[in-house]
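Each chain, written out:
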Amino acid sequence: MVLHRIGDDSDTPYEDAYALAISEQRLPRFRMPEDTSPARAVHALIRDELALDGNSSQNLATFCTTWAEPEVHELMDLCLDKNMIDKDEYPQTAEIESRCVRIIGDLWNAPGAQSPTGCSTTGSSEAGMLGGLALKWRWRKRREAAGLPTDRPNLVCGPVQVCWEKFARYFDVELRQVPLEPDATGLRPHQLREHVDENTIGVVAILGVTYTCDYEPVAELAAALDAIERDTGLDVPIHVDAASGGFIAPFLHPEVEWDFRLPRVASINASGHKYGMAPLGVGWVVWRAEELLPEELVFRVSYLGGDMPTFALNFSRPGGEIVAQYYTFLRLGREGYRKVYEAAARTARSLAEQVRAMDGFRLLYDGQGALPAVAWTLTDPQRSPFTLYDLTERLRLRGWQVPAYPLPADRQEVVVQRVLIRHGISFDKIALLGQDLRSAVAELADGPCGAAPRPGFHH
Ligand SMILES: *Cc1c(COP(=O)(O)O)cnc(C)c1O
């Protein structure tokens with residue numbers, strides 16, 4: 001009768017997820033188990049492990065989406081099988097990707113009636129690399145046409161995110177990282193002349209510097225490059241790494257000219273999964289015009305009998321994030337994005353005020369004028385009874401993840417702490433953080449490094 005019993009739940013005894021063979025042992029970590037196990041139990045056990053990761057809504061270090069509406073979860077589920085590369089099999093998903101590129105191009109003021117050229121990627125890292133590759137190819141073509149050597153390309157930038165260091169190493173480009181000046185939060189226009197030369201494939205400007213959350217002054221950087229072109233004839237394009245700012249500036253700072261309104265801006269990348277509010281796994285890159293994307297970099301795959309250009313480092317890639325990005329555009333509209341980020345900026349301001357009111361802290365960025373975030377440092381680290389690393393650890397006792405880290409090259413002696421406010425991080429949550437921040441500081445100031453924590457329970 002064994003065959004009869006297979007898959008027949010009705011007469012199997014009740015099995016508790018925590019009283020099964022798989023539940024009464026360490027979970028396998030080196031070798032696939034021989035036997036199958038009930039889905040419920042395995043799910044419960046893995047879910048329990050994941051809980052050790054901490055609570056992402058208290059992760060104030062990340063720029064990435066940690067909250068989404070139930071409809072987004074449903075669409076992601078629906079799209080589990082959508083492969084972005086199979087334009088032929090999933091033409092409507094491909095169409096949705098194209099709509100997103102056009103919407104984003106419009107958001108960034110792409111010129112002309114023609115559709116902007118661009119694509120989705122896994123994130124800003126891949127998007128930046130595609131932008132960088134296009135810069136390198138165009139520079140090389142120009143040099144070859146002029147009979148000049150092409151063996152020493154360089155890319156000029158300020159304190160960039162690690163993806164540009166990767167780009168430089170993977171694709172053999174010298175990264176000329178301009179040191180941060182005292183009291184600067186990013187690259188400054190007057191610094192360019194010293195670093196740009198005939199081998200410069202482009203300048204990367206950052207809208208939302210990872211360390212300080214500020215925008216680099218893209219318009220002023222472009223003007224400095226205009227002046228360099230007048231004086232030397234060097235025509236150096238800008239790629240804007242708007243990983244985080246690309247979905248903030250259009251709504252909170254429409255007057256800031258950083259995008260395709262500036263003729264020198266050739267391409268822009270942004271992370272859909274950061275302030276774009278899509279789930280993890282999507283970035284975007286857009287070029288001002290089709291001719292800025294060299295033909296040799298584009299591969300053709302067949303698309304409903306026609307052919308579809310693709311430019312990507314990966315082949316197969318999930319489509320759900322892109323569909324969810326489209327959902328978010330339609331669902332929120334410009335009004336929704338503006339409201340969400342105006343609220344985030346107000347919350348950032350309230351945290352900034354609380355930090356400003358605390359002894360021993362110096363505010364570096366108050367969340368106004370660029371990303372909704374707050375960054376601070378200690379007024380006098382030498383005399384402070386604690387470091388910001390101690391404070392990070394103390395806040396962690398309450399589940400908060402607030403990173404402390406040194407500023408980049410040339411200002412490494414300055415340690416800062418940063419809090420990012422995103423969709424789903426409420427005013428009240430940040431008020432609770434403020435309370436915990438004050439108690440943590442009081443405790444740290446009180447005792448020798450890490451005095452015993454007070455009991456946390458009050459029954
Ligand atoms: C986050 C970030 C990146 C990398 O983006 P991913 O989407 O995580 O790959 C690149 N540049 C800047 C400025 C960033 O903030």
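Remember, it's a predicted structure, so these values are computed and weren't measured experimentally.

Draft legend 1. Quick look at the overall build of the protein chain. Helices and strands together make up the secondary structure of the protein chain, namely twelve helices and 13 strands. Considering only C-alpha atoms, the protein chain reaches an extent of 80 × 70 × 45 Å along its principal axes. Across the 459 residues of the protein chain, 50% fall into the buried class. Contacts in the protein chain between residues at least 24 apart in sequence constitute 69% of all its contacts with a sequence separation of at least 6.

Draft legend 2. A look at the environment of Arg-346. Its place among the elements puts Arg-346 in helix H10 (residues 320-356). When the C-alpha atoms of Arg-346 and Pro-372 are compared, they prove to be 8.2 Å apart, with 26 residues separating the residues in sequence.

Draft legend 3. Structural view of the packing of helix H11 (residues 388-396) against helix H12 (residues 427-446). Interhelical geometry of H11 versus H12 gives an angle of 120° and a closest axis separation of 10 Å. Judged by the angle between their axes, H11 and H12 are oblique. In this structure, H11 meets H12 at a crossing whose hand is right-handed. Taking contact as the criterion, the partners of Asp-390, Leu-391, Arg-394 and Leu-395 in H11 are, on H12, Leu-433, Asp-436, Leu-437, Ala-440, Val-441, Glu-443 and Leu-444. Grouping the amino acids of the contact of H11 with H12 by side-chain chemistry returns seven nonpolar, no polar and four charged.

Draft legend 4. Expanded view of the environment of Pro-237. Turning to its location among the elements, Pro-237 is positioned in the loop between helix H8 (218-232) and strand E5 (238-241). Pro-237 sits in the buried class, given a relative accessible area of 11%. Sequence-wise, Pro-237 and Arg-334 are 97 residues apart; in three dimensions their C-alpha atoms are separated by 29 Å. In this structure, Pro-237 is in contact with Leu-135, Arg-138, Ile-201, Gly-202, Val-203, Arg-264 and Ala-266, ignoring residues within four places of it in sequence.

Draft legend 5. Looking closely at the nonpolar core. Counting residues in each nonpolar core, the largest one holds 88 residues, and the members touching the most others are Leu-192, Ile-238, Phe-361, Trp-376 and Leu-391. If one sorts the elements of this core by residue count, H10 sits on top with 13 residues. Counting contributing residues, this core receives three or more from each of domain 2 (74-328) and domain 3 (343-446). With residues up to four places along the chain from it excluded, the contact list for Trp-376 reads Leu-351, Val-355, Phe-361, Arg-362, Leu-363, Leu-364, Leu-388, Val-415, Val-416, Gln-417, Val-419 and Leu-437. By size, the runner-up hydrophobic cluster in this structure holds 27 residues, among which are Trp-139, Cys-157, Val-160 and Ile-201.

Draft legend 6. Layout of the site of the ligand. Around the ligand lies a shell of 13 residues, among which Ser-124, Ser-125, Asp-241, His-273 and Lys-274 are the nearest. Between Ser-124 and the ligand, the recorded distance is 2.7 Å, taken from a backbone N or O atom to an oxygen atom. At 2.7 Å, a side-chain N or O of His-273 approaches an oxygen atom of the ligand. For the ligand, the accessible surface in isolation is 380 Å², of which the surrounding protein chains cover 89%. For the shell around the ligand, the per-class residue count stands at three nonpolar, eight polar and two charged.

Draft legend 7. Representation of H12. Between its first and last C-alpha atoms H12 spans 29 Å; for 20 residues at 1.5 Å apiece the expected length is 28 Å, and the two agree. Taken as a whole, H12 has its buried residues at Lys-429, Ile-430, Leu-433, Gly-434, Asp-436, Leu-437, Ala-440, Val-441, Glu-443 and Leu-444. For H12, the elements touching its buried residues are H10, strand E10 (361-365), strand E11 (373-378), H11 and strand E13 (415-420).

Draft legend 8. Summary view of the state of the cysteines. In the structure shown here, the tally under the stated rule is zero disulfides. No disulfide involves Cys-64; its nearest neighbouring cysteine sulfur is the one of Cys-163, lying 12 Å away. The thiol sulfur of Cys-213 is not disulfide-bonded, and the nearest other cysteine sulfur, from Cys-64, lies at 13 Å.

Draft legend 9. Highlighting the domain arrangement of the protein chain. Along its sequence, the protein chain is organised into domain 1 (1-53), domain 2 (74-328) and domain 3 (343-446). Of note, the centres of domain 1 and domain 2, computed from C-alpha atoms alone, are 46 Å apart.

Draft legend 10. Geometry of the sheet that holds E10. The antiparallel open sheet is built from four strands, whose spatial order is E10-E11-E13-E12. Each edge of the open sheet carries a strand with a single partner, namely E10 and strand E12 (404-406). Averaged over neighbouring strand pairs, the angle between their axes works out to 35° when direction is ignored. Pairing analysis gives three bridges linking E12 to E13, with the strands arranged antiparallel. Note that in E13 the partner of Ala-404 across the bridge is Gln-417. Sheet contacts for H10: E10, E11 and E13; angle to E11, the most-contacted strand, approximately 15°.

Draft legend 11. Spotlight on the sheet that holds strand E2 (residues 154-157). Reading across from one edge, E1-E7-E6-E5-E4-E2-E3 is the order of the seven strands in this open sheet, with mixed pairing throughout. The outermost strands of the open sheet, each flanked by one partner alone, are strand E1 (117-121) and strand E3 (174-177). Between one strand and the next, the sheet's axes are offset by a mean angle of 20°, whatever the strand orientation. Against the sheet, helix H6 (residues 162-170) touches E2, E3, strand E4 (200-206), E5 and strand E6 (265-271), its axis set at about 145° to E3.

Analysis parameters
Residues numbered from 1 in each chain as written. Predicted model: local features only at pLDDT ≥ 70, side-chain atom pairs only at ≥ 80, totals over all residues. Heavy atoms only, no water. Helix = DSSP H or I, 4+ residues; strand = E, 2+ residues; numbered from the N terminus. Buried < 20%, exposed > 50% of the residue type's maximum accessible area, 1.4 Å probe, protein only. Contact = heavy atoms within 4.5 Å. Axes fitted to C-alpha atoms, helices over the stretch in contact; angles between N-to-C directions. Parallel < 35°, antiparallel > 145°, perpendicular 65-115°, else oblique. Left-handed = near helix turned anticlockwise from the far one by under 90°. Nonpolar A, V, L, I, M, F, W, Y, C, P; charged D, E, K, R; others polar. Core = buried A, V, L, I, M, F, W, Y, C linked by side-chain atoms within 4.5 Å. Domains from an automatic or database assignment. Near = heavy atom within 4 Å. Polar contact = N/O pair within 3.5 Å; in protein donor to acceptor, adjacent residues only side chain to side chain. Areas by Shrake-Rupley, 256 points an atom, 1.4 Å probe, with all protein chains shown as cover. Expected span 1.5 Å × (residues − 1). Disulfide = S-S within 2.5 Å. Pairing = 2+ DSSP bridges.

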